[in-house]
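This is what each chain is made of:
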Amino acid sequence: EETMELLEPYYLFPGFLPEYAKKASGAAEGLLMFVRAMYQYHIASLVAKPLQKALAIKQAELDIANKKLKAATDSVNKAQALVAELQKKLDEANAKKKALEENQELLMTKMDEATKLIESLGGEKIRWSESCRQF
């Protein structure tokens with residue numbers, strides 16, 4: 001930082017350009033270009049460092065958010081699996097209920113037919129009883 005402060009007056013001097021240094025010496029031109037590049041890098045790093053720090057902070061926040069997202073996604077996936085399992089059980093229970101209802105209807109029909117048969121044979125009871133006594 002201190003070195004850059006010392007270089008600043010030279011960098012800002014209008015005659016501190018490679019074209020002028022080249023007239024004096026090729027080595028002076030190379031050195032001047034190096035010094036100017038170093039100063040420009042320093043100025044750029046002054047802008048970039050806060051941005052890099054902000055990026056690191058935002059990256060850490062993103063990592064935390066991604067962990068929360070993964071936890072929430074895992075929770076949702078577990079909940080969906082549970083819902084699917086419960087839906088399967090519900091479907092099975094509904095199928096069993098339907099089968100029982102159909103069986104109930106069949107049994108009710110048979111019971112009605114048996115009741116009608118018993119009622120129709122009610123008069124025969126007396127005749128059968130007499131037939132049994134005579135036999």
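If you're wondering where the values come from, they're calculated on a predicted model, not measured in any experiment.

This paragraph deals with the overall build of the protein chain. From N to C terminus, the protein chain includes four helices and zero strands. Compactness check: the protein chain gives a C-alpha radius of gyration of 49 Å against a globular reference of 14 Å for 135 residues, more than 25% above the reference. Seen along its three principal axes, the alpha-carbon backbone of the protein chain occupies a region of about 155 × 25 × 20 Å. Taking all 135 residues of the protein chain together, the buried fraction comes to 10%. By element, 64% of the accessible surface of the protein chain is carried by carbon and sulfur atoms, the whole surface being about 11,900 Å². Taking the average place of the 20 positive charges on the side chains of the protein chain and the average place of its 20 negative ones, the gap between the two points comes to 3 Å.

Tallying each qualifying case throughout the model produces four salt bridges. Lys89 serves as the salt-bridge partner of Glu85, at 3.6 Å between the closest nitrogen and oxygen. Linking Glu85 with Lys89, this pair stays in helix H3 (residues 26–120), spanning four residues, or about one helical turn. Note on Lys89: relative accessible area 48%, which makes it partly exposed.

The next thing to look at is the packing of helix H1 (residues 2–12) against H3. Two elements in contact, H1 and H3, have axes whose closest approach is 11 Å; the angle formed by their N-to-C orientations is 120°. When the interaxial angle is binned, H1 and H3 end up oblique. Where H1 crosses over H3, the two elements pack in a sense that is left-handed. Here Met4, Leu7, Glu8 and Tyr11 of H1 come into contact with H3, specifically with Val35, Arg36, Met38, Tyr39, Gln40 and His42. Here the contact of H1 with H3 is composed, by residue class, of six nonpolar, two polar and two charged.

Time to look at the environment of Asp63. In this structure, Asp63 sits in helix H3. The partly exposed category is assigned to Asp63, whose relative accessible area is 38%. As a C-alpha pair, Asp63 and Lys49 span 14 residues in sequence and 21 Å in three-dimensional space.

Turning our eyes to something else, we now look at a negative patch on the surface. A cluster of like negative charges, contributed by Glu1, Glu2, Glu5 and Glu8, occupies part of the molecular surface. Among the structural elements, Glu1 can be located in the segment before H1. For Glu1, a relative accessible area of 56% translates into the label exposed.

Taken together, the side chains of Leu31, Phe34 and Met38 define a hydrophobic patch exposed on the protein surface, amounting to about 300 Å² of accessible area. Position of Phe34 relative to the elements: it lies in helix H3.

The next subject is the confidence of the model for the protein chain. Detailed reading of the predicted coordinates is not advisable wherever pLDDT falls low. Summing up the model confidence of the protein chain, the mean pLDDT is 89 and the portion of residues at 70 or higher is 99%. Per-element mean pLDDT across the protein chain ranges from 74 in helix H4 (residues 124–134) up to 93 in H3.

Once that is clear, we can look at H3. The end-to-end C-alpha distance of H3, which contains 95 residues, comes to 131 Å, matching closely the 141 Å that a straight helix rising 1.5 Å per residue would cover. Of all bends in H3, the biggest is about 30°, found at Leu46, and the proline Pro50 comes one to four residues later. The inward-facing, buried residues of H3 abut H1 and helix H2 (18–24). One side-chain oxygen at the N-terminal end of H3 lies 3.1 Å from the backbone nitrogen of Ala27; it belongs to Ser25.

What counts, and at which threshold
Residues numbered from 1 in each chain as written. Predicted model: local features only at pLDDT ≥ 70, side-chain atom pairs only at ≥ 80, totals over all residues. Heavy atoms only, no water. Helix = DSSP H or I, 4+ residues; strand = E, 2+ residues; numbered from the N terminus. Rg over C-alpha atoms; globule rule 2.2 N^0.38 Å. Buried < 20%, exposed > 50% of the residue type's maximum accessible area, 1.4 Å probe, protein only. Areas by Shrake-Rupley, 256 points an atom, 1.4 Å probe, with all protein chains shown as cover. Lys, Arg positive; Asp, Glu negative; His and termini not counted. Charge placed at Lys NZ, Arg CZ, Asp CG, Glu CD. Salt bridge = Lys/Arg side-chain N within 4 Å of Asp/Glu carboxyl O. Axes fitted to C-alpha atoms, helices over the stretch in contact; angles between N-to-C directions. Parallel < 35°, antiparallel > 145°, perpendicular 65-115°, else oblique. Left-handed = near helix turned anticlockwise from the far one by under 90°. Contact = heavy atoms within 4.5 Å. Nonpolar A, V, L, I, M, F, W, Y, C, P; charged D, E, K, R; others polar. Patch = residues over 30% accessible without salt bridge, like charges linked within 9 Å, V, L, I, M, F, W, Y side chains within 5 Å. pLDDT = per-residue confidence, 0-100. Expected span 1.5 Å × (residues − 1). Bend = angle between axes of the 7 residues up to and from the residue. Polar contact = N/O pair within 3.5 Å; in protein donor to acceptor, adjacent residues only side chain to side chain.

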